[in-house]
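# Coordinate analysis (summary)
Chain by chain, the residues:
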Number of protein chains: 2
Amino acid sequence: MQPIDFYFDFASPYGYFMSEKIDALAAKHGRTVIWRPILLFAALRSLGLPPPFEHPVKLEYITADFARSATFLNIDYSLPPGFPALTQHAARAFYLLNGKAPSAAVPFAQTVLRGYFRDGRDISNIDVIAHMVGDHTASLGSTAKVCDLLKGDEAKAMLQAAITDAVQKKVFGSPFVVVDGEGFFGVDRLPQLAARLAGTKA
Amino acid sequence: MQPIDFYFDFASPYGYFMSEKIDALAAKHGRTVIWRPILLFAALRSLGLPPPFEHPVKLEYITADFARSATFLNIDYSLPPGFPALTQHAARAFYLLNGKAPSAAVPFAQTVLRGYFRDGRDISNIDVIAHMVGDHTASLGSTAKVCDLLKGDEAKAMLQAAITDAVQKKVFGSPFVVVDGEGFFGVDRLPQLAARLAGTKA
């Protein structure tokens with residue numbers, strides 16, 4: 001069976017909620033998950049779509065819905081200061097790890113997401129991200145070295161390739177899960193995703 | 001306990017899905033439902049929001065999601081020809097009935113929604129709507145008389161008042177359900193709505 005693709009942005013609350021559920025759901029049905037962080041704003045721009053939730057009426061609704069959905073899903077969450085964070089450092093770090101210390105990549109991503117959405121850590125800050133990398137592996141070198149790598153062409157190119165792939169797959173939101181070519185947008189598609197993985201109607 | 005407000009547009013598939021679920025869910029928790037059809041495009045324009053699903057990438061996704069969601073919810077559905085229909089005649093007829101033959105209003109709305117989303121009836125057509133009214137009550141007079149009423153100032157004013165109310169309540173989509181002042185947008189909020197009505201977490 002094919003792995004499941006899990007696209008998300010590190011600053012997306014619904015993406016965070018999905019990140020707390022998708023691996024267990026997939027494992028239950030004998031699947032693995034490929035985590036694919038992107039910069040949602042960049043993907044939307046490439047698709048010719050406007051940024052999400054810009055309008056005050058939608059922002060007010062969605063802010064309340066973030067908290068309600070977290071409670072419903074039994075996930076620790078609070079709206080971080082400075083939301084939404086810039087997430088290029090976190091996403092680049094993920095792809096660096098994915099290349100050089102693959103087993104650390106997903107645990108690192110979870111540290112970033114939980115750090116941001118539980119503990120209000122400033123994940124826009126390159127030093128915060130470099131320290132989080134160091135907490136998972138020494139294989140990328142010192143914190144200063146990791147910062148250099150995060151600003152380097154290799155990390156930029158890997159993230160850009162991930163965004164290009166997402167745009168080709170028509171990923172227009174976070175989370176966006178692809179199962180056997182079929183897209184599921186939003187953490188509220190978890191029940192349909194579960195039904196699809198179970199091979200029943202959905 | 002306060003009634004639940006159920007805002008929808010007659011051309012909204014997700015609104016149709018909610019219409020098949022909301023009364024039974026409310027009744028289970030000792031609540032009644034006030035059906036409030038609106039013209040979603042007019043409400044969005046008043047709120048300063050763009051029409052939904054205009055972009056081809058989103059339209060493609062949502063069209064597949066309509067069918068998937070119908071299957072998941074066990075509801076008969078097919079995408080009607082000419083989707084989305086213009087819905088001012090249906091909505092005006094609803095409010096005329098609501099004033100003059102209240103017990104016929106919700107059954108009429110169900111006839112319109114099922115006629116459109118199950119049988120592909122052309123609900124943009126004023127004669128189709130007038131006949132559907134006549135199938136539920138003779139109290140508005142002949143089909144010709146109903147057509148006159150649908151073009152009249154009273155029906156226009158009632159629908160406009162409903163849209164104005166929706167805009168004040170910040171209704172930015174269909175379906176949009178309000179429980180004790182709290183908004184739930186989308187049929188995918190049914191589980192959270194059920195939890196709220198049950199008085200548990202959501």
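Each chain has its residues counted from 1, following the order in which its sequence is written. As they are written, the chains are lettered A onward and the ligands numbered 1 onward, keeping that order. A pLDDT threshold of at least 70 governs which residues receive local features in this predicted model, and a stricter bar of 80 or more applies before side-chain atom pairs are shown or counted, although totals over entire chains, interfaces and linings include all residues.

### Re the overall build of chain A
Counted only if it meets this: Strands here mean DSSP runs of E at least two residues long; helices mean DSSP runs of H or I at least four residues long; both are numbered from the N terminus. Every radius of gyration here is taken over C-alpha atoms, with the globule rule written as 2.2 Å times N^0.38, N being the number of residues.
Along chain A, the regular secondary structure elements total 10 helices and 4 strands. The secondary structure elements of chain A, listed N-terminal to C-terminal, are β-α-α-β-α-α-α-α-α-α-α-β-β-α. Taken over the C-alpha trace, chain A has a radius of gyration of 16 Å; the compact-globule value for 202 residues is 17 Å, and the two agree within 12%. Overall size of chain A, expressed as C-alpha extent along the three principal axes, is 50 × 40 × 35 Å.

### Regarding the sheet that holds strand E4 (residues 182-185) of chain A
All names here are of chain A. Our working rule: Note: two strands are recorded as paired if DSSP finds a minimum of 2 bridges between them. Geometry is summarised by axes, namely lines fitted to C-alpha atoms with helices restricted to the contacting stretch, and by angles between N-to-C directions that run from 0 to 180 degrees. Residue pairs qualify as contacts under a 7 Å threshold applied to their C-beta atoms, which are placed from the backbone.
Here 4 strands make up an open sheet; going across it, the order is E2-E1-E3-E4 and the pairing mixed. Either end of the sheet is taken by a strand with one partner, and the two such strands are strand E2 (33-37) and E4. Between one strand and the next, the sheet's axes are offset by a mean angle of 20°, whatever the strand orientation. Docked against the sheet, helix H10 (residues 190-198) engages strand E3 (176-179) and E4, running at close to 15° with respect to E3.

### Regarding the relation of the copies chain A and chain B
Note the cut-off: The atoms used to superpose the copies are C-alpha atoms, taken from residues with pLDDT of at least 70 in both, and the fit is least squares.
Superposing chain A onto chain B requires a rotation of 180° together with a translation of 0.0 Å along the rotation axis, leaving an RMSD of 0.0 Å. Such a combination of turn and shift is consistent with a two-fold rotation axis. The position closest to the rotation axis in chain A is occupied by the C-alpha of Asp 188 of chain A, lying 3.1 Å away.

### What about the interface of chain A and chain B?
Defined as follows: For this classification, Asp, Glu, Lys and Arg are treated as charged, while Ala, Val, Leu, Ile, Met, Phe, Trp, Tyr, Cys and Pro are nonpolar and the rest, including Gly, are polar.
Of the residues lining the interface, 19 residues belong to chain A; the matching set on chain B comes to 19 residues. Mapped by element, the contributors of at least two residues to the side of chain A that touches chain B are helix H4 (56-72), E4 and H10 of chain A. It is H4 of chain A that contributes the most residues to the side of chain A that touches chain B, 6 residues altogether. The class makeup of the residues in the side of chain A that touches chain B is 9 nonpolar, 5 polar and 5 charged.

### As for the environment of Thr 137 of chain B
Residues and elements named next belong to chain B. The test is simple: Remark: C-beta atoms are placed from the backbone, and a residue is labelled buried if 20 or more other C-beta atoms sit within 10 Å of its own, exposed if 12 or fewer do, or partly exposed between those counts.
Assignment of secondary structure puts Thr 137 in the loop between helix H7 (126-136) and helix H8 (143-150). Residue class for Thr 137 comes out partly exposed when judged on the 17 C-beta atoms lying within 10 Å of it. Placed 33 residues apart in sequence, Thr 137 and Lys 170 show a C-alpha to C-alpha distance of 33 Å.

### A look at the pairing of E3 of chain A
Residues and elements named next belong to chain A. With 3 bridges connecting them, strand E1 (residues 4-8) and E3 associate as antiparallel partners. Across the sheet, residue Phe 6 finds its bridge partner in E3, namely Val 177. Sheet analysis places E3 next to E4, joined by 4 bridges and oriented antiparallel. Note that in E4 the partner of Val 177 across the bridge is Phe 184. Hairpin connection, E3 to E4: the antiparallel pair is bridged by 2 residues, and Asp 180 has positive phi, about 50°.

### Details of the packing of helix H3 (residues 40-47) of chain A against helix H9 (residues 153-168) of chain A
Residues and elements named next belong to chain A. Going by this rule: Throughout, the term roughly parallel applies to angles under 35 degrees, roughly antiparallel to angles over 145, roughly perpendicular to angles from 65 to 115, and oblique to all others. Each crossing is labelled by how the near helix is turned from the far one, with a counterclockwise turn of less than a right angle marking it left-handed and a clockwise turn marking it right-handed.
Between H3 and H9, whose axes approach to 9 Å, the crossing angle comes to 50°. The angle between the axes of H3 and H9 places the two elements in the oblique class. The hand of the H3/H9 crossing is right-handed. For the pair H3 and H9, the contacting residues are Ala 42, Ala 43, Ser 46 and Leu 47 in the first and Ile 163, Ala 166 and Val 167 in the second. Tallied by class, residues from the contact of H3 with H9 come to 6 nonpolar, 1 polar and no charged.

### Some details on the packing of helix H5 (residues 88-100) of chain A against helix H7 (residues 126-136) of chain A
Packed helix pairs are characterised by how far apart their axes lie and by the angle those axes make with each other. All names here are of chain A. With their axes 9 Å apart at the nearest point, H5 and H7 run at an angle of 25° to one another. In terms of orientation, H5 and H7 fall into the roughly parallel class. Between H5 and H7 lies a crossing of right-handed hand. Residues His 89, Ala 90, Ala 93 and Leu 97 of H5 form the contact with H7, whose own contacting residues are Ile 126, Ile 129 and Val 133. Class assignment for the residues of the contact of H5 with H7 results in 6 nonpolar, 1 polar and no charged.

### Considerations on the confidence of the model for chain A
To keep it simple, the criterion reads: A residue's pLDDT is the predictor's confidence in that residue, given on a scale from 0 to 100.
Mean pLDDT over chain A works out to 96, with 99% of the residues at or above the 70 mark. This complex was scored by the predictor with a pTM of 0.95 and an ipTM of 0.93.

### Observations concerning H4 of chain A
An α-helical turn contains 3.6 residues, so a residue and the one three or four places further along point in the same direction. Here is the rule we go by: A helix is expected to span 1.5 Å for every residue after the first.
Counted at 1.5 Å a residue, the expected span for H4 of chain A with its 17 residues is 24 Å, and the 24 Å between its end C-alpha atoms agrees. Of all the positions in H4 of chain A, only Tyr 61, Asp 65, Phe 66, Ser 69, Ala 70 and Phe 72 of chain A are classed as buried. Packed against the buried residues of H4 of chain A are helix H1 (13-19) of chain A together with strand E4 (182-185) and helix H10 (190-197) of chain B. Just beyond H4 of chain A, the residue with positive phi is Asn 74 of chain A, at close to 60°.

### Thoughts on the sheet that holds strand E3 (residues 176-179) of chain B
Residue and element names in this part refer to chain B. Read from one edge to the other, the open sheet built from 4 strands follows the order E2-E1-E3-E4, with strand pairing classed as mixed. Two strands lie at the open edges of the sheet, namely strand E2 (33-37) and E4, each paired on one side alone. The average angle at which neighbouring strand axes cross in this sheet is 20°, direction not considered.

### Examining the environment of Ile 62 of chain A
Considering the arrangement of structural elements, one finds Ile 62 of chain A in helix H4. Distance from Ile 62 of chain A to Leu 159 of chain A, taken between C-alpha atoms, is 27 Å for residues 97 residues apart in sequence.

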